[in-house]
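Residues per chain are reported as follows:
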Amino acid sequence: MTPPRRQPVRRRTAVLATVPVALAALLATTGAAVPGGAGPTAPGSTGAAGAGDPYFPLSGNGGYDVRHYDLTLRYDPAARRLDGTAVLTARATQRLTRFDLDLSGLTVTRVTVDGRAARFARDGRELVVTPPTARTKGRDFRVAVAYHGTPGPVTDPDGSPDGWIPTDDGAFVAGEPQGAMTWFPANGHPKDKASYDFTLTVPRGHTAVANGVLLGQRTAHGRTTFRWRQTEPMAAYLATATIGRFRTERYTTRDGIQVYNAVDPREARAAAPVLKKLPDVLEWGSRLFGPYPFRAAGSLVDHAPDVGYALETQTRPVYAFAPGLGTLVHESAHQWFGDSVSLTAWQDIWLNEGFATYAEWLYSEQHGGPSAQRTFDTLYARPGGDALWAYPPGDPGSGKRLFGTPVYERGAMALHALRRAVGDRDFFRVLRAWADGHRGGHGSTARFVTLAERISGKRLKGLFQTWLYAPGKPDRA
């Protein structure tokens with residue numbers, strides 16, 4: 001199998017003894033969209049140190065919603081030194097006398113709130129900010145943080161590196177699920193999405209690639225500054241500032257999408273045939289899932305063999321080496337499922353990875369490869385002790401299991417079971433309505449089940465209970 005966004009963990013895991021989240025309880029929730037940054041808050045006027053995610057309790061923060069990040073970074077690959085200023089425009093969702101930002105490592109030298117010096121302290125991976133006066137609920141404020149240091153990755157619960165990962169000519173920057181805090185102060189949970197501006201300065205001869213549209217670049221005094229803008233809302237983990245000696249390519253598709261590809265020369269020959277297919281893959285996705293959700297697209301192919309995975313960084317996926325076509329399709333599908341429609345909680349990761357994996361199956365089916373049914377049948381033939389059935393994808397149980405086989409492949413099987421239950425017409429209506437109805441926002445499993453039932457007119461809770469939450473190998477649906 002072509003590796004998806006992140007190579008699934010292949011070790012055997014004990015089957016969960018009980019269903020982690022009962023579908024009935026899940027569907028009893030309101031289903032309302034969760035506002036960015038509106039996680040649980042501590043009593044009084046102190047913003048909570050986390051957004052309340054059960055897998056990553058200190059990811060994100062409470063008490064405010066970031067509207068925009070303006071990041072000005074200067075990186076020296078030889079010294080591996082980063083100097084940065086981050087300006088966050090946020091809105092208080094409660095009265096705030098203190099609030100947190102997620103930041104790992106790095107030395108903070110100054111913090112201001114609305115132009116006035118603020119007190120700050122470090123508490124593990126939290127930057128605790130005390131503004132000179134309380135912020136009023138419902139009012140916007142600006143936080144500026146000056147910092148420097150030698151950034152490095154964090155290690156995810158599954159053992160993989162995440163965040164700012166130095167390479168032999170720069171840095172591979174991929175932030176899922178918690179790596180954004182390794183290079184800028186953030187409200188780091190997917191519930192809080194914002195627009196971004198990046199001003200990235202690197203030594204002449206290097207290229208710094210971020211999300212969105214390239215506004216311009218200028219070389220002076222031996223350094224080149226690149227300015228990027230991501231206008232559509234983006235979760236912090238999807239931001240990148242990957243740096244290296246790249247060959248670059250720019251063009252505009254027939255649909256007006258601005259494409260920017262950056263490829264390490266060591267990967268150029270292997271990557272070229274696949275990257276040429278990107279416009280066709282985006283057109284195919286647009287026909288199936290609805291209009292492509294962003295102004296920009298592209299690919300960032302680095303030479304980072306020790307990293308070993310790709311990430312669907314918004315508008316411009318980053319690959320640790322030349323991708324295969326299946327991986328390109330997978331990461332492109334994430335632009336609809338995961339990037340535009342983002343998670344409300346990490347336990348719903350199948351909404352990202354199961355959907356992107358099923359997109360691979362659909363692309364194969366429609367381009368002369370095995371049908372989705374054949375892929376489903378091949379997977380279902382695996383014995384009950386196989387890693388595929390190790391835990392239910394609807395709630396993997398911990399951050400250690402987010403990128404395991406069940407989330408990708410059994411998550412895709414759940415979608416195929418839905419397709420067989422409702423028929424192609426309603427199934428593709430569901431996919432398109434999901435991408436369109438939550439464009440630029442958030443989704444949850446409960447909302448997806450409700451949508452599928454509404455469009456198909458069928459009761460589907462049992463099907464989703466079986467494929468997403470029941471332990472072990474399901475009986476054939």
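Predicted, not measured: the structure shown is a model, and the values here were computed from it.

A.B. asks: Which parts of the structure should I look at to understand the side chain of His 206?
C.D. replies: By the element assignment, His 206 lies in the loop between strand E12 (193-203) and strand E13 (207-209). Those residues within four positions of His 206 in sequence are excluded, and the remaining contacts are Pro 77, Asp 169, Phe 226, Ile 243, Gly 244 and Arg 245.

A.B. asks: What exactly am I supposed to notice about the pairing of strand E3 (residues 99-102) here?
C.D. replies: Regular strands place side chains that alternate from one sheet face to the opposite one. Burial along E3 is two-sided: Phe 99 and Leu 101 and Asp 100 and Asp 102, pointing in opposite directions, are all buried. By the bridge criterion, 4 bridges tie E3 to strand E7 (residues 126-130) in an arrangement that is antiparallel. The residue of E7 that forms the bridge with Asp 100 is Val 128.

A.B. asks: How should I be thinking about empty space enclosed by the protein in this particular structure?
C.D. replies: Here the idea is plain: a probe the size of a water molecule rolls over the atoms and shows the empty space left. Scanning the entire structure with this criterion turns up 4 cavities of 30 Å³ or more. By volume, the largest cavity amounts to about 70 Å³. Surrounding the largest cavity, Phe 289, Gly 290, Pro 291, Pro 293, Trp 336, Ser 340, Val 341, Ala 435, Asp 436 and Arg 439 form its lining. The residue makeup of the lining of the largest cavity, split by class, is 6 nonpolar, 2 polar and 2 charged. The space that makes up the second largest cavity amounts to roughly 50 Å³. Together, Leu 278, Leu 282, Tyr 292, Ala 297, Gly 298, Thr 315, Pro 317, Tyr 319, Leu 328, Glu 331, Ser 332 and Gln 335 line the second largest cavity. When residues of the lining of the second largest cavity are traced back to their parent elements, those giving at least two are helix H3 (278-289), strand E19 (296-301) and helix H4 (325-333). Examining the composition of the lining of the second largest cavity, we find that 3 residues originate from one element, H4, more than from any other. Its residues assigned to classes, the lining of the second largest cavity comprises 7 nonpolar, 4 polar and 1 charged.

A.B. asks: Help me understand the sheet that holds E7 in this model?
C.D. replies: Picture the strands of a sheet paired through backbone hydrogen bonds; they go either parallel or antiparallel. Read from one edge of the open sheet, 3 strands run E3-E7-E6, paired in antiparallel fashion. The open sheet has two edge strands, E3 and strand E6 (119-123), and neither has a second partner. Looking at each pair of strands side by side, their axes are set apart by 25 degrees on average, direction ignored.

A.B. asks: What should I look at first to understand the confidence of the model for the protein chain in this one?
C.D. replies: The predicted coordinates of low-pLDDT regions are not to be read in fine detail. Of the residues in the protein chain, 91% have a pLDDT of 70 or more, and the chain-wide mean is 92. Counting interchain partners and residues more than four positions distant, the pLDDT-below-50 stretch residues 1-22 has 79 contacts. Of the regions scoring below 50 in pLDDT, residues 28-42 engages in 35 contacts with residues more than four places distant in sequence or in other chains.

A.B. asks: What am I meant to see in the packing of aromatic side chains here?
C.D. replies: For any two aromatic rings, the description comes down to two numbers: the centre-to-centre distance and the angle of the planes. A complete count under the given rule lists 32 aromatic pairs for this structure. Residues Tyr 358 and Trp 361 carry aromatic rings whose centres are separated by 5.4 Å and whose planes lie at 55 degrees to one another, so their mutual orientation is tilted. On the criterion of helical spacing, the pair formed by Tyr 358 and Trp 361 is a turn pair, its members being 3 residues apart in helix H5 (residues 350-366). For Tyr 358, a relative accessible area of 1% gives the class buried. Residue Trp 361 is classed as buried on the basis of its relative accessible area, which comes to 8%. Arg 420 extends its terminal NZ or CZ atom over the ring of Phe 376, reaching a point 4.8 Å from the ring centre.

A.B. asks: I would appreciate a short explanation of the UniProt feature "domain: Peptidase M1 membrane alanine aminopeptidase" (unreviewed entry) in the protein chain in the present structure.
C.D. replies: Summarizing the sequence annotation, UniProt attributes the feature "domain: Peptidase M1 membrane alanine aminopeptidase" (unreviewed entry) to residues 328-467 in the numbering used throughout. Each end of residues 328-467 is marked by a C-alpha atom, and these two atoms are 26 Å apart; helix forms 60% of the span and strand 3%.

A.B. asks: Honestly, the packing of H3 against helix H7 (residues 405-437) in this entry has me stumped. Any pointers?
C.D. replies: In a packed pair of helices, the relevant descriptors are the angle between the two axes and the axis-to-axis distance. H7 packs onto H3 with a crossing angle of 105 degrees between their chain directions and a minimal axis gap of 8 Å. With respect to each other, H3 and H7 are oriented roughly perpendicular. Along the contact surface, H3 presents Ser 286, Arg 287, Leu 288 and Phe 289, while H7 presents Phe 428, Leu 431, Arg 432 and Ala 435. The residue makeup of the contact of H3 with H7, split by class, is 5 nonpolar, 1 polar and 2 charged.

A.B. asks: Explanation requested: the nonpolar core in the structure shown.
C.D. replies: For soluble globular proteins, nonpolar side chains are generally found buried alongside one another. By size, the foremost hydrophobic cluster in this structure holds 141 residues, and its most contacted members are Trp 183, Phe 184, Tyr 196, Phe 198, Phe 448 and Phe 464. For this core, the leading source of residues is H7, giving 15 residues.

A.B. asks: Just checking my understanding: could you explain the pattern of salt bridges for this structure?
C.D. replies: For side chains bearing opposite charge, pairing can occur when the charged atoms are close. Going through the model one piece at a time under the given rule, you end up with 16 salt bridges. Here Glu 409 makes a salt bridge to Arg 382, at a shortest N to O gap of 3.3 Å. A residue pair is termed long-range when its members are at least 10 positions apart, and Glu 409 in helix H7 and Arg 382 in the loop between helix H6 (372-380) and H7 qualify at 27 residues. Via salt bridges that share partners, Asp 168, Asp 169, Asp 264 and Arg 266 belong to a single interconnected network.

A.B. asks: I keep staring at the sheet that holds strand E5 (residues 116-117) and nothing clicks. Help me out?
C.D. replies: In spatial order, the strands read E5-E4-E8-E2-E1-E12-E15-E14; together these 8 strands make up an open sheet with mixed pairing. The sheet is open, and its two edges are formed by E5 and strand E14 (213-220), each paired on a single side. In the sheet, strand E1 (residues 64-76) pairs with strand E2 (residues 81-92) via 12 bridges, with the strands oriented antiparallel. Note that in E2 the partner of Tyr 69 across the bridge is Leu 88.

Rules used in this analysis
Residues numbered from 1 in each chain as written. Predicted model: local features only at pLDDT ≥ 70, side-chain atom pairs only at ≥ 80, totals over all residues. Heavy atoms only, no water. Helix = DSSP H or I, 4+ residues; strand = E, 2+ residues; numbered from the N terminus. Contact = heavy atoms within 4.5 Å. Buried < 20%, exposed > 50% of the residue type's maximum accessible area, 1.4 Å probe, protein only. Pairing = 2+ DSSP bridges. 1 Å grid on protein atoms, 1.4 Å probe; cavity = no way out; pocket = protein on both sides within 12 Å on 5 of 7 lines; lining within 4 Å. Points joined across faces, edges and corners; volume = space filled by probe spheres on them. Nonpolar A, V, L, I, M, F, W, Y, C, P; charged D, E, K, R; others polar. Axes fitted to C-alpha atoms, helices over the stretch in contact; angles between N-to-C directions. pLDDT = per-residue confidence, 0-100. Phe/Tyr/Trp six-rings, centres within 6.5 Å; stacked < 30°, edge-to-face > 60°. Lys NZ or Arg CZ within 6 Å of the ring centre and 35° of its normal. UniProt positions renumbered as here; feature names shortened; annotations may be inferred. Parallel < 35°, antiparallel > 145°, perpendicular 65-115°, else oblique. Core = buried A, V, L, I, M, F, W, Y, C linked by side-chain atoms within 4.5 Å. Salt bridge = Lys/Arg side-chain N within 4 Å of Asp/Glu carboxyl O.

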